Amino acid sequence: MANVLESVDQRTQLVGENRLELLLFRISSTQLFAINVFKVKEVVKLPELSAMPGSHPAISGVANIRGVSIPVINLRSAIGFSPMPVGEDANLIITEYNRSVQGFLVGKVEHIVNMTWGDIMPPPKTAGRNHYLTAITRMETQGKTELVSIIDVEKVLAEIIHYDVRLSEGVLDESLVAKMPGHKILIVDDSPTARRQVRDTLGQLGLEVIERSDGREALTLLKSWCDQGLKVTDQILMMITDAEMPEMDGYRLTYEVRNDKRMADLFITLNTSLSGSFNKAMVEKVGCDRFISKFQPDLLVEAVQDRIRQLG
């Protein structure tokens, strides 16, 4: 299993090229699921689990991986199906999201596929609001076309881990409070859960939020303002964007904005569950102004306050 991810470090160069690699796995025999390889630390056979009394029903227990205790989430249970049995065919996908490490109990781990974000589609709007997908795609496997469902891990984690949007004491600059109401901020994220977290945080300050679910939608909006002769920085204070999104990722979105002289001076903050020095290097490469790993309300507010200070 280790060789499935042995070249993950090299694969991260795809981020910023509007490409991604998906780790495919099954939690049932009939459907393929996926998560982005860049968020996966390793894949191992499911070790023995220790019970975790009083934990969320979707937590199967705790695994000890080289001396580190990692909570194990039964993914099938977490997204609304009957729990996956803990058996010989079970595997553990260890991931890092929002600065936390957790394992997902799954069945068969298939392989890694290289795709472009243009091949990734948002879930159908008729699916409602309660599904656990950020996107879907199709691929050929063993001579047949299969639907691949990309899990909204942020929604899964938000239902298990409480994310507090309250601000720490001393974060809010009282001298700026009166300047915040009325300012608009564009939030770009394919996860409704992530958008809600940012919206709830900024709403405490009287800030208005415009939401888009992928980079292409956001770029279309920004260009429409420019085509109308409007100055983008008059329409919004700043843009806060995720990195990974269908159609166009946040890096490509930033690149497109920076290379359009009509809006090149837009203040852009990358707010992503991806972390690490590589990600910070990509931020510098494409020209983001700030990088914040999810979910940190204090840092979001500090980024907004810094932007307001810049305006004087």
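Keep in mind the model is a prediction, meaning the values are calculated, not measured.

*Asks:* Sorry if this is basic, but what is going on with the overall build of the protein chain here?
*Replies:* The helix and strand inventory of the protein chain stands at nine helices and 16 strands. The globule rule puts the C-alpha radius of gyration for 312 residues at 20 Å, and the 20 Å found for the protein chain is close to it. Once the C-alpha set of the protein chain is aligned to its principal axes, its extents read approximately 60 × 45 × 40 Å. The burial tally for the protein chain puts 52% of its 312 residues in the buried class. The long-range share in the protein chain, meaning contacts at least 24 apart out of those at least 6 apart in sequence, stands at 64%. Carbon together with sulfur atoms contributes 48% to the accessible area of the protein chain, which is approximately 14,500 Å² in total. Counting 35 positive and 41 negative side-chain charges, the protein chain places the centres of these two groups 3 Å from one another.

*Asks:* Hey, could you run me through the sheet that holds strand β15 (residues 268-272) in this one?
*Replies:* Across a sheet, paired strands are connected by hydrogen bonds in the backbone, their directions being either parallel or antiparallel. The strand order across the open sheet formed by five strands is β13-β12-β14-β15-β16, and the pairing between neighbours is parallel. Looking along the sheet, the strands with just one partner apiece sit at the ends: β13 (208-212) and β16 (290-293). Taking the axes of each pair of neighbouring strands and ignoring which way they run, one obtains an average angle of 20° across the sheet. Bridge count for strand β14 (residues 238-241) against β15 is three bridges, and the pairing is parallel. Counterpart to Thr-241 in the pairing with β15 is Leu-270. Most of the contacts of helix α9 (residues 297-311) go to β16, to which it runs at about 165°, and overall it touches β12 (184-188), β14, β15 and β16.

*Asks:* I keep staring at the UniProt feature "modified residue: 4-aspartylphosphate" (unreviewed entry) in the protein chain and nothing clicks. Help me out?
*Replies:* In the numbering adopted here, UniProt assigns the feature "modified residue: 4-aspartylphosphate" (unreviewed entry) to Asp-242. Structurally, Asp-242 is set in the loop between β14 and α7 (250-258). Residue class for Asp-242 comes out buried when judged on its relative accessible area of 3%. In this structure Asp-242 touches Val-188, Asp-189, Asp-190, Gly-250, Leu-270, Asn-271, Thr-272 and Lys-294, once residues within four positions along its chain are discounted.

*Asks:* Would you take a moment to explain the pattern of salt bridges for this structure?
*Replies:* Two side chains that carry opposite charge are able to pair once their charged atoms sit near each other. Taken as a whole and judged by the stated rule, the model has 18 salt bridges. Ionic pairing is found between Arg-26 and Glu-110, a salt bridge with its closest N-O pair at 2.7 Å. With Arg-26 in strand β1 (residues 19-26) and Glu-110 in strand β9 (residues 109-116), this pair connects stretches of sequence that are 84 residues apart. You can call Arg-26 buried: its relative accessible area is 15%. Judged by its relative accessible area of 23%, Glu-110 falls in the partly exposed class. Among the salt bridges present, the one from Glu-42 reaches Arg-66, with a minimum N-O distance of 2.2 Å. Taken as a pair, Glu-42 in strand β3 (residues 40-45) and Arg-66 in the loop between β5 (59-65) and β6 (68-74) lie far apart in primary sequence, 24 residues in all. A residue is classified by how much of its surface remains accessible, and Arg-66, at 65% relative accessible area, is exposed. Three or more residues are tied together by salt bridges with common partners; here these are Glu-154, Asp-189, Asp-242 and Lys-294.

*Asks:* Please explain the confidence of the model for the protein chain as it appears in this structure.
*Replies:* Low pLDDT means the predicted coordinates in that region are not meant to be read closely. For the protein chain, per-residue confidence averages 85 on the pLDDT scale, and residues scoring 70 or more make up 90% of the total. Note on residues 1-12: pLDDT is under 50 here. Beyond four places in sequence and across chains, it has 20 contacts.

*Asks:* How do you make sense of helix α3 (residues 153-160) when you look at a structure like this?
*Replies:* Given 3.6 residues per helical turn, the α-helix brings residues three or four places apart onto the same face. Buried residues dominate α3, accounting for six of its eight residues. Taken residue by residue, α3 has Val-153, Glu-154, Lys-155, Val-156, Leu-157 and Ile-160 as its buried positions.

*Asks:* Quick question: what am I supposed to make of the domain arrangement of the protein chain here?
*Replies:* Where the parts come together, the accessible area they lose is often given as the size of the interface. Domain parsing of the protein chain yields domain 1 (14-160) and domain 2 (174-311). Just the C-alpha atoms count here: the centres of domain 1 and domain 2 sit 27 Å apart. Contact residues are listed per partner, giving 23 residues for domain 1 and 25 residues for domain 2. Here domain 1 and domain 2 share an interface that buries about 2,000 Å² over both sides, 50% of which is from carbon and sulfur atoms. Put simply, domain 1 and domain 2 have two salt bridges between them.

*Asks:* Any chance you could explain the pairing of β14 here in plain terms?
*Replies:* Consecutive residues of a regular strand have side chains that alternate between opposite faces of the sheet. Alternating positions in β14 separate into two faces, Met-238 and Ile-240 on one and Met-239 and Thr-241 on the other, with burial throughout. Here β12 runs beside β14; their pairing, made up of four bridges, is parallel. Across the sheet, residue Val-188 finds its bridge partner in β14, namely Thr-241. You can see the chain leave β14, run along α7 and come back into β15, and the turn it takes is right-handed.

Basis of the calculations
Residues numbered from 1 in each chain as written. Predicted model: local features only at pLDDT ≥ 70, side-chain atom pairs only at ≥ 80, totals over all residues. Heavy atoms only, no water. Helix = DSSP H or I, 4+ residues; strand = E, 2+ residues; numbered from the N terminus. Rg over C-alpha atoms; globule rule 2.2 N^0.38 Å. Buried < 20%, exposed > 50% of the residue type's maximum accessible area, 1.4 Å probe, protein only. Contact = heavy atoms within 4.5 Å. Areas by Shrake-Rupley, 256 points an atom, 1.4 Å probe, with all protein chains shown as cover. Lys, Arg positive; Asp, Glu negative; His and termini not counted. Charge placed at Lys NZ, Arg CZ, Asp CG, Glu CD. Pairing = 2+ DSSP bridges. Axes fitted to C-alpha atoms, helices over the stretch in contact; angles between N-to-C directions. UniProt positions renumbered as here; feature names shortened; annotations may be inferred. Salt bridge = Lys/Arg side-chain N within 4 Å of Asp/Glu carboxyl O. pLDDT = per-residue confidence, 0-100. Domains from an automatic or database assignment. Buried area = accessible area lost by both parts, 1.4 Å probe. Right-handed = clockwise from strand over helix to strand, strands pointing away.

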